[in-house]
Amino acid sequence: MTYPTQTDGTSAGAAPRSTVLSLRGITKRFGALLANDAIDLDLRAGEIVALLGENGAGKTTLMNILFGHYVADAGEVRVAGPDGALAPLPPGSADAALGAGIGMVHQHFTLAENLSGFENIVLGTRPLWSPGIGGRAARAKVARIAADSGLGVDLDVSVSRLSVGEKQRVEILKALYRDVKVLILDEPTAVLTPQEAEGLADTVRSLASRGLAVIFISHKLNEVISLCERVVVLRGGAKVADRATAGADRATLAELMVGRSIEVRHSAPRGVGEPVLTLDRVSAAMGRRDRLVDASLDLRAGEIVGIAGVSGNGQGTLAALLAGLAAPRSGRLSVLGEVITGEDPRAMVARGVGRVPEDRHREGSIGAMSIAENFVLERLQGGDFQRLGFLARSRIRAETERVIAAFDVRCSGPDAPIRLLSGGNMQKVILARALDGRPRLVLAHQPTRGLDVAATADIHRRLLDARDRGAGVLLISEDLDEIFALADRIAGIHHGELSRAFPAGSLDQRSVGLLMAGQDPGIAA
Amino acid sequence: MIRFVRREAVPFWLSLAAPVGAGLAALLLTAVPLAISGAPIGRGFALLFEGSVGSVFALTETMARATPLIFTGLAAAVAFRAKLWNIGAEGQLYAGALAAVVVGTGAIAAPPFVLVPLVLLAGAAAGAGLLMGPVFFKSRFGADEVVTTLLMNFIVILFVQMMLEGPLKDPLSLGWPQSEPMVDEAVLPKLVDRMRVHAGLLVAIACAIASHVLLERTLWGFQIRAVGESAAAARYAGVPMGGTLLRVALLSGGFAGLAGACEVAGLKGYLTADLSPGYGYAGIVVAMLAGLSPLGVIPAALFVAGVFVGADTMSRSIGVSNYLADLVVAMSLLCVIVGGLFARYEVRFVRRGAQA
């Protein structure tokens with residue numbers, strides 16, 4: 001099915017605004033893959049445009065061309081100069097793009113971990129030989145931008161000690177500090193609470209009202225609809241829609257992106273059984289920052305409990321407890337009827353805990369190893385895949401081929417290095433490893449971060465299947481859409497304190513936002 | 001403009017071609033100092049070639065020299081696969097040699113089929129034991145094993161010198177600091193009559209094959225590779241970190257210890273403080289040339305040994321310094337690092353836009 005390209009002029013009544021950025025016929029091929037197919041995009045001052053598309057639709061390629069990281073095979077990028085006239089941007093030069101006032105906040109951070117937030121912000125804006133790192137003027141400017149944008153973060157500790165959410169705030173400040181004319185935000189709200197996201201939306205609106213043009217890349221369609229006035233949808237490298245947001249709803253946009261209808265319907269749990277996980281006033285800590293204080297929680301077989309919160313508030317510790325990477329310092333932790341006192345990831349797997357880690361690249365997979373090796377990684381200790389210490393290679397291959405088919409992993413075969421897979425396919429392998437042994441307790445920590453709509457739907461469906469099979473699922477997520485799509489009960493986590501779990505039906509976005517901020521939503525459980 | 005684009009997968013032929021190309025490039029680059037020193041380049045290279053593989057004598061000499069290099073190459077390759085940076089093969093080699101001498105100079109009377117394995121075992125145990133200290137400090141306190149293993153080398157060599165001046169000194173050595181000779185039952189048999197190559201070579205090759213099988217086909221090898229590729233993911237998956245590190249250290253130190261034991265029991269017959277001309281360090285080059293593949297260590301060790309042996313011949317005949325051998329080996333390490341870059345990345349020449 002094809003969708004006609006819809007074009008819409010400026011919103012009625014607005015003053016005519018000058019075009020600050022114009023892409024014409026941008027085409028880029030990687031071998032046989034047509035990543036960008038003659039894409040046109042115009043951006044006017046003060047406009048907030050959403051760029052939508054699944055992973056692989058060509059968004060990243062287009063932004064990399066705009067940013068000078070790639071050179072387009074055909075087409076032209078033109079940017080308004082100081083006089084307002086459009087001039088071609090030299091291709092393949094990131095310096096030129098920066099100089100022309102194009103700024104980007106990347107989804108994957110580009111911060112120097114060993115420097116402070118402030119140093120990261122001013123880094124590169126001052127000549128190398130200037131003494132010190134930034135005078136009072138720079139500090140004042142950063143403080144003003146931070147106050148204006150409402151992006152509060154401690155700028156004087158080293159970035160390595162900041163949480164994911166705080167790092168992203170530094171990234172946004174960094175771009176704002178550079179006086180950009182065009183700001184590209186790649187999934188900026190993925191790590192913010194609803195209140196913070198609303199705050200950022202206000203910031204973006206006020207920046208836009210002062211003439212900043214914003215390209216907003218997001219998978220959160222509600223956000224796109226409320227914030228952006230225009231939406232550009234890419235699919236398979238081509239532009240399939242360029243229309244006003246007014247009159248569009250989530251389903252329309254999702255269908256434009258995927259090309260077919262995709263809805264995962266949350267169903268009521270079939271029946272809740274025995275507790276599979278009990279925390280009774282458990283305190284624990286991972287390193288200095290992330291800790292859990294006196295947390296109590298019950299998770300029963302056949303239900304999904306969602307833990308909502310901004311990362312860095314204790315989720316890491318909670319996940320580590322279930323993964324077997326941390327032990328309680330006080331209180332009682334009981335997993336599948338066994339009281340846990342020590343750290344032992346292997347024992348957790350053996351007990352029947354399926355674990356999906358937060359960071360699929362760092363903890364979830366070994367990039368250089370094959371899909372098969374990654375699949376059997378945590379199950380080798382048992383007798384299934386080894387005999388007298390030798391790997392049962394044909395068995396490993398056969399089992400991997402079976403799960404590749406069962407979990408619909410798109411790959412060239414079990415021997416392909418897992419790093420070559422897309423995020424969604426890599427996550428499917430990790431999910432296959434966690435769920436294939438039919439675990440009775442499942443830990444899903446940010447299971448769909450950075451994944452596209454279709455992969456997300458697939459992973460949600462499998463977690464619901466696991467629940468319906470009788471597993472208790474602990475879902476830790478920053479994505480409220482995900483929490484509401486899956487959870488039967490929802491608890492908030494804030495500064496290491498876990499709230500009570502409320503039935504999902506009794507909560508709305510606002511009350512979950514209050515839970516994430518550590519406040520009582522005022523609802524009887 | 002030149003761009004480096006990472007290859008999705010390194011093709012097999014390229015993983016072979018890169019080290020071979022690096023070795024050849026290193027030899028070619030050596031022509032420069034050779035020319036500067038005024039030597040005839042063509043004849044120099046001919047002599048180098050002849051001296052390393054040109055006769056039965058040359059060939060067996062190369063193989064004899066390659067034997068300790070295979071062991072130390074394996075010591076580095078196995079450890080580096082787990083990202084255990086054992087730079088202490090030199091010291092572990094001497095520890096192995098010392099243990100071989102202690103066991104094999106008359107303390108135990110036994111027939112060869114008992115004593116020879118005992119000597120090798122003692123050497124391996126001493127080398128492995130020496131690595132236990134750094135491994136303990138690494139896992140307990142996070143001490144950097146590069147520093148601790150490197151410094152251990154100096155301690156061990158000084159300790160060997162002390163032993164050779166003291167309790168282990170051969171009273172019949174006319175004052176030279178050397179140990180008593182190995183008893184006949186402890187000596188490794190020669191492979192070719194009147195040549196120096198000995199059965200240690202076969203032990204070395206067997207160790208390389210066993211290491212390959214271990215790394216590629218067994219649970220322990222899988223865990224070693226997993227820990228090396230990503231410690232965080234391995235830990236998450238429940239790979240026993242301490243046990244894996246310990247096994248790697250035992251293997252790595254054991255191989256280095258075997259290098260020393262075989263040198264004493266197969267080649268020299270007694271221990272001196274100049275037993276090794278840096279085999280421990282050269283083993284790192286061998287391992288890198290081999291791309292950390294245990295099987296690749298065999299040809300890499302033969303290449304490095306051939307350069308050493310051939311350069312001796314060349315220096316004797318045309319009067320250039322045999323330090324040229326060190327130069328070739330050092331250059332081949334640099335070239336293999338560059339070669340590895342070309343294997344992993346594709347070089348693309350991109351024409352820049354006309355704009356300034």
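Because the structure is a prediction, the values reported are computed rather than measured.

Engineer: Hey, could you go over the domain arrangement of chain A for me, with residue numbers and the actual values?
Structural biologist: Residues and elements named next belong to chain A. Once the domains are mapped, chain A shows domain 1 (1-8 + 16-101 + 180-261), domain 2 (114-179), domain 3 (262-352 + 437-525) and domain 4 (369-433). Facing the 18 residues of domain 1 at the interface are 18 residues of domain 3. Counting the surface lost from both domain 1 and domain 3, the interface buries some 1,400 Å², and carbon and sulfur atoms represent 56% of this. On the surface where domain 1 and domain 3 come into contact, there are zero salt bridges.

Engineer: Please give an account of the interface of chain B and chain A that cites residues and values.
Structural biologist: Each partner contributes to the interface: chain B provides 25 residues, whereas chain A provides 34 residues. Together, the buried faces of chain B and chain A total about 2,700 Å²; carbon and sulfur atoms form 59% of this surface. Contact with chain A buries surface across chain B, with Leu219(B), Phe222(B) and Tyr236(B) losing the most and accounting together for 30% of the total. Viewed at the interface, chain A and chain B are joined by one salt bridge. For Glu373(A), the salt bridge identified is with Arg225(B), shortest N-O distance 2.8 Å. Between chain B and chain A we count seven residue pairs in polar contact (both at pLDDT 80 or more) in total. The set of elements that each furnish at least two residues to the side of chain B that touches chain A consists of strand E1 (2-6), helix H7 (200-217), helix H8 (219-229) and helix H9 (231-236) of chain B. Considering each element in turn, the side of chain B that touches chain A owes the most residues, six residues, to H8(B). Residue classes in the side of chain B that touches chain A are distributed as ten nonpolar, five polar and ten charged.

Engineer: Summarise the environment of Ile145(A); cite the residues concerned and give the values.
Structural biologist: Residue and element names in this part refer to chain A. Along the chain, Ile145 turns up in helix H4 (residues 136-149). Ile145 sits 186 residues away from Gly331 along the chain, and the two C-alpha atoms are 43 Å apart. Look past the residues within four positions of Ile145 in its chain and what remains in contact with it is Leu173, Leu176 and Tyr177.

Engineer: Go over the environment of Gly68(A) with me, naming the residues and quoting the values.
Structural biologist: All names here are of chain A. Mapped onto the fold, Gly68 is located in the loop between helix H1 (59-66) and strand E4 (74-80). Taking C-alpha positions, Gly68 is 27 Å from Ala201, a pair spaced 133 residues apart along the chain. What Gly68 contacts, discounting residues up to four positions off in sequence, is Gly92, Ser93 and Ala94.

Engineer: So, the environment of Gly296(B): which residues are in play, and what are the values?
Structural biologist: Mapped onto the elements, Gly296(B) comes out in helix H12 (residues 294-318). In the structure, Gly296(B) is positioned 211 residues away from Trp85(B) in sequence and 19 Å away in space, judged by C-alpha atoms.

Engineer: Kindly report on the packing of aromatic side chains, identifying the contributing residues and their values.
Structural biologist: What the rule picks out here adds up to five aromatic pairs over all chains. Feature note: the residues Phe136(B), Phe137(B) and Phe141(B) constitute an aromatic cluster, connected by ring pairs. Above the plane of the ring of Phe118(A) lies Arg139(A), whose end atom (NZ or CZ) is 4.1 Å from the centre. The ring of Tyr177(A) carries Lys141(A) above its face, with NZ or CZ at 4.6 Å from the centroid.

Engineer: Talk me through the pairing of strand E1 (residues 19-30) of chain A; I want residue IDs and the actual numbers.
Structural biologist: Residues and elements named next belong to chain A. As defined by bridge partners, E1 adjoins strand E2 (residues 33-44) across eight bridges and the pair is classed as antiparallel. Note that in E2 the partner of Thr19 across the bridge is Arg44. Connecting the antiparallel pair E1 and E2 is a turn made up of two residues, with Gly31 showing a positive phi of about 60°. With five bridges connecting them, E1 and E4 associate as antiparallel partners. Directly across from Thr27, in E4, lies its bridge partner Ala74.

Engineer: Give me the lowdown on the side chain of Asp452(A), citing residues and values where you can.
Structural biologist: Residue and element names in this part refer to chain A. Along the chain, Asp452 turns up in the loop between strand E19 (441-445) and helix H15 (453-468). Comment: no salt bridge for buried Asp452; closest opposite-charge side chain is Lys59, at 7.8 Å. Here the side chain of Asp452 touches Ala454 through a polar contact of 3.2 Å, landing on its backbone nitrogen. From its side chain, Asp452 meets the backbone nitrogen of Ala455 in a polar contact 2.9 Å long. Aside from chain neighbours lying at most four places away, what touches Asp452 is Glu54, Asn55 and His219.

Reading the values: rules and limits
Residues numbered from 1 in each chain as written. Chains lettered and ligands numbered in written order. Predicted model: local features only at pLDDT ≥ 70, side-chain atom pairs only at ≥ 80, totals over all residues. Heavy atoms only, no water. Domains from an automatic or database assignment. Contact = heavy atoms within 4.5 Å. Buried area = accessible area lost by both parts, 1.4 Å probe. Salt bridge = Lys/Arg side-chain N within 4 Å of Asp/Glu carboxyl O. Polar contact = N/O pair within 3.5 Å; in protein donor to acceptor, adjacent residues only side chain to side chain. Helix = DSSP H or I, 4+ residues; strand = E, 2+ residues; numbered from the N terminus. Nonpolar A, V, L, I, M, F, W, Y, C, P; charged D, E, K, R; others polar. Phe/Tyr/Trp six-rings, centres within 6.5 Å; stacked < 30°, edge-to-face > 60°. Lys NZ or Arg CZ within 6 Å of the ring centre and 35° of its normal. Pairing = 2+ DSSP bridges. Buried < 20%, exposed > 50% of the residue type's maximum accessible area, 1.4 Å probe, protein only. Lys, Arg positive; Asp, Glu negative; His and termini not counted.

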